[in-house]
Amino acid sequence: MSLQTWQETLMQSQIDGTAVTTATPGASLLPPAAVLTLPANFFQIGRILKIRIWGRVSNRITGPDTLTLNVRYGAIQIAASQALAINIVAKANVSFLLEWMLTCRSIGNSTLATMMHQDYFSQSP
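As a starting point, this report considers the structure included with it. (Residues numbered from 1 in each chain as written. Predicted model: local features only at pLDDT ≥ 70, side-chain atom pairs only at ≥ 80, totals over all residues. Heavy atoms only, no water.)

A word on the overall build of the protein chain
The number of helices and strands found in the protein chain is zero helices and seven strands. Along the protein chain, helices and strands appear, N-terminal first, in the series β-β-β-β-β-β-β. On the principal axes, the C-alpha backbone points of the protein chain span a range of 50 × 30 × 25 Å. At a minimum sequence separation of 6, the contacts of the protein chain that also span at least 24 residues come to 55%. Here the protein chain displays about 9500 Å² of accessible surface, and carbon together with sulfur accounts for 56% of that area. (Helix = DSSP H or I, 4+ residues; strand = E, 2+ residues; numbered from the N terminus. Contact = heavy atoms within 4.5 Å. Areas by Shrake-Rupley, 256 points an atom, 1.4 Å probe, with all protein chains shown as cover.)

Thoughts on the nonpolar core
Counting 16 residues, the largest nonpolar core has Phe43, Leu49, Trp100 and Leu102 as the members making the most contacts within it. Within the residue set of this core, elements represented by two or more residues are β1 (48–57) and β6 (94–107). If one sorts the elements of this core by residue count, β6 sits on top with six residues. Excluding residues within four positions of it along the chain, phenylalanine 43 makes contact with Leu38, Leu49, Cys104, Ile107 and Met115. (Core = buried A, V, L, I, M, F, W, Y, C linked by side-chain atoms within 4.5 Å. Buried < 20%, exposed > 50% of the residue type's maximum accessible area, 1.4 Å probe, protein only.)

Structural notes on the side chain of threonine 103
Residue position: threonine 103 is located in strand β6. Look at threonine 103 and you get buried, because its relative accessible area is 16%. Among residues more than four places away in sequence, those in contact with threonine 103 are Gly46, Arg47, Ile48, Thr114, Met115 and Met116.

Some details on the sheet that holds strand β7 (residues 113–123)
Taken together, three strands build an open sheet; the order of strands is β1-β6-β7 and the sheet is antiparallel. Where the open sheet ends on each side, the last strands, each with one partner, are β1 and β7. Strand after strand, the sheet turns through a mean of 20° between neighbouring axes, direction not considered. Here β1 runs beside β6; their pairing, made up of ten bridges, is antiparallel. Looking at the pairing, arginine 56 lines up with serine 95 of β6. (Pairing = 2+ DSSP bridges. Axes fitted to C-alpha atoms, helices over the stretch in contact; angles between N-to-C directions.)

Things to note about the environment of leucine 97
On the secondary structure map, leucine 97 appears in strand β6. Using a relative accessible area of 22% as the deciding quantity, one classes leucine 97 as partly exposed. Note: C-alpha distance between leucine 97 and tryptophan 54 (43 residues apart in sequence) is 4.6 Å. Not counting chain neighbours up to four residues away, the residues in contact with leucine 97 comprise Arg52, Ile53, Trp54, Tyr120, Phe121 and Ser122.

Below is the structure:
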C-alpha cells in the first residue's frame, strides 16, 4: 500500500548568510530571515526532513583544513557531518553541495524525538 506522501519546500533563502570562520564555531550559515521554526508535533515516525545546502567554501593555504557542519533545532544539535577534508591547495569561494536526510525514528514527550541522518557532501574541484 502506498504511503501517499508528498514533498514541500518549507524554507529557502535567496541571499547569503554571514561568512563563518573558525572564530565563530556553531554560528548559523543561514541569514536570520531564513531560520525556520517547525510547528509543535511536526515530527512523526517515518517523517523525513531533507535539507539541501549550496554554498561557498574557502580555506587557508597553510592547511589542510576540515569543515564540520551540523543541523540544530534551537540550541540542540541533531545531526553533524563527518569532518570534511579541505585539502592544502588554497580555495576561494569554491562551491559545494550538502544534502541531509533526517528520518524520525521515534517520538517521546513534546521535546523528544530520535533522528537518523545520512549526509552527502560534494565540492567543485
